[in-house]
Amino acid sequence: MLTEAQKQQYQRDGFIVIPGFKSPAEIAALRARAGQIVNDFDPATQSGIFSTIEQEKTTDDYFLGSDNTIRCFFEEEAFGADGQLKQAKELSINKIGHAMHDLDPAFRAFTADARLEQLARDLGLSDPKVWQSMYIFKQPGIGGEVRWHQDATYFDTDPVSVTTFWFALEDATLDNGCMWAEPGGHRGPMRERFLRNGDDVRMEKLSDLPWPDNSTAVPLECKAGSLVCFHGLLPHYSAPNRSAVSRHAYTLHVTDGATNYSPQNWIQRDDKLPARGFV
C-alpha cells in the first residue's frame, strides 16, 4: 500500500495523509447510517456528554458502558442554561462510539477493507487488532475542542503499538477544526496514561514534557475521502469548530496483537466479542 518514501515519511513525522482513500459512495453510506443511529437515539433514556478537557470529571457509567456497544454523546455546548438542547438533536451530537466497527453492518463494511490490513502491516503492525471506532461530528458552531493528547494514553501496549486510522468524511479545514499534529513528536515520551480499574478511572501523569503549540505543530487539512494514519505517541489536537459547516470523521484505534495489551486500558474484550482485524 505504501511506497518506501511514504514509509520513511511516516517514520520521520509520525503521520501520513493519503488522499482519496475512500470513495464518495462509501462515505455517503457511512454518513447515512450515522444519521439513522442519531435519529433513533432517545436521549430521554440515558445519555452523556463527551469532553477531553476534564476527562476524569466527565467519565461516567454511560461512557464506561460504551466500550463494547454503540452510544451517542452530546457536545458540551449543546445545552442552554435551562438544560434543554439549543438546537436540533442531529446538530448536538459530538460523537457515536465505540464498537460500531464490530456491531453495525454499515460500519463493519467500511472497516473491513483489505487495503487497511495491508496498510497496517506497512505501518509496522504484524497482527492488527481494532479496539475502538468513533464517528465524530465536529458540529458547526459548537464542535468542541479536543485537547492535546496521545492516543497511546488510552491504548497502552508493551511496546507501544496503537495506530490511529482517521477518515475525513467531509473536508477538514482550519475553519472547521481540522487536526493539528507535531511532526516528529512521536519520538518523545508518553505523557499520560488513562487507567481503569472496574468503574474507577484516573489519569496518571508520566512526563513533565509540555504539550506542543502552534509554533511547532502543523494543521492536517485534507479533503473528504482522505485517510490520516498516525503513531500512538504523536501529540495532536483539534480546535473548536466555530464555523457554519461540520467536520465529520470516522476513526479507528488499532494495536498489534503481538504486543501486550494492558489490563488497565479502559476497553477490554473477552471471547464473546474478541478484538479482530480489518478482514
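For the protein chain, an unreviewed UniProt entry supplies the name Phytanoyl-CoA dioxygenase family protein and the organism Duganella guangzhouensis.

Visitor: When you look at the side chain of Gln132 in this model, what are you seeing that I'm missing?
Guide: On the secondary structure map, Gln132 appears in strand S5 (residues 128-136). A relative accessible area of 5% means that Gln132 is categorised as buried. Among the polar contacts made by the side chain of Gln132, one reaches the side chain of His253 at a distance of 2.9 Å. Discounting chain neighbours no more than four positions away, the residues touching Gln132 are His98, His101, Phe155, Thr251, Leu252, His253, Trp266 and Ile267.

Visitor: I would appreciate a short explanation of the nonpolar core in the present structure.
Guide: One recurring pattern in soluble globular proteins: nonpolar side chains tend to sit buried together. Ranked by size, the top nonpolar core spans 53 residues in total, and within it Ile96, Leu119, Tyr135, Phe165, Phe167 and Tyr250 carry the most contacts. Sequence-distant contacts of Phe167, defined by excluding residues within four places in its chain, comprise Phe21, Lys22, Phe110, Leu116, Ser226, Leu227, His248, Ala249, Tyr250 and Leu252. The next biggest cluster of nonpolar side chains, apart from the first, holds 17 residues, and it includes Phe15, Ala172, Cys222 and Tyr237.

Visitor: Any chance you could explain the side chain of Asp122 here in plain terms?
Guide: Of note, Asp122 is situated in helix H7 (residues 114-122). Here Asp122 is buried and forms no salt bridge, its nearest opposite-charge partner Lys7 lying at an N-O distance of 4.2 Å. Beyond its immediate sequence surroundings of up to four residues, Asp122 is in contact with Met1, Leu2 and Lys7.

Visitor: Hey, could you run me through the packing of aromatic side chains in this one?
Guide: The way to describe two aromatic rings as a pair is by their centre distance and the angle between their planes. All told, the structure shown has 16 aromatic pairs when counted by the stated rule. Plain terms: the ring middles of Phe110 and Tyr250 are 5.4 Å apart, the flat faces sit at 85° to each other, and that makes the pair edge-to-face. Of the two residues, Phe110 is situated in helix H6 (residues 105-111) and Tyr250 in strand S15 (residues 249-256); the sequence distance between them amounts to 140 residues. The same class applies to Phe110 and to Tyr250, which are both buried. Ring centres 6.0 Å apart and planes at 25° place the aromatic pair Phe167 and Tyr250 in the stacked group. With Phe167 in strand S8 (residues 163-168) and Tyr250 in strand S15, this pair connects stretches of sequence that are 83 residues apart. For the pair formed by Phe167 and Tyr250, the shared burial category is buried. Chaining the aromatic ring pairs together yields one cluster made of Phe21, Phe107, Phe110, Tyr135, Phe137, Phe167 and Tyr250.

The rules we used
Residues numbered from 1 in each chain as written. Predicted model: local features only at pLDDT ≥ 70, side-chain atom pairs only at ≥ 80, totals over all residues. Heavy atoms only, no water. Helix = DSSP H or I, 4+ residues; strand = E, 2+ residues; numbered from the N terminus. Buried < 20%, exposed > 50% of the residue type's maximum accessible area, 1.4 Å probe, protein only. Polar contact = N/O pair within 3.5 Å; in protein donor to acceptor, adjacent residues only side chain to side chain. Contact = heavy atoms within 4.5 Å. Core = buried A, V, L, I, M, F, W, Y, C linked by side-chain atoms within 4.5 Å. Lys, Arg positive; Asp, Glu negative; His and termini not counted. Salt bridge = Lys/Arg side-chain N within 4 Å of Asp/Glu carboxyl O. Phe/Tyr/Trp six-rings, centres within 6.5 Å; stacked < 30°, edge-to-face > 60°.

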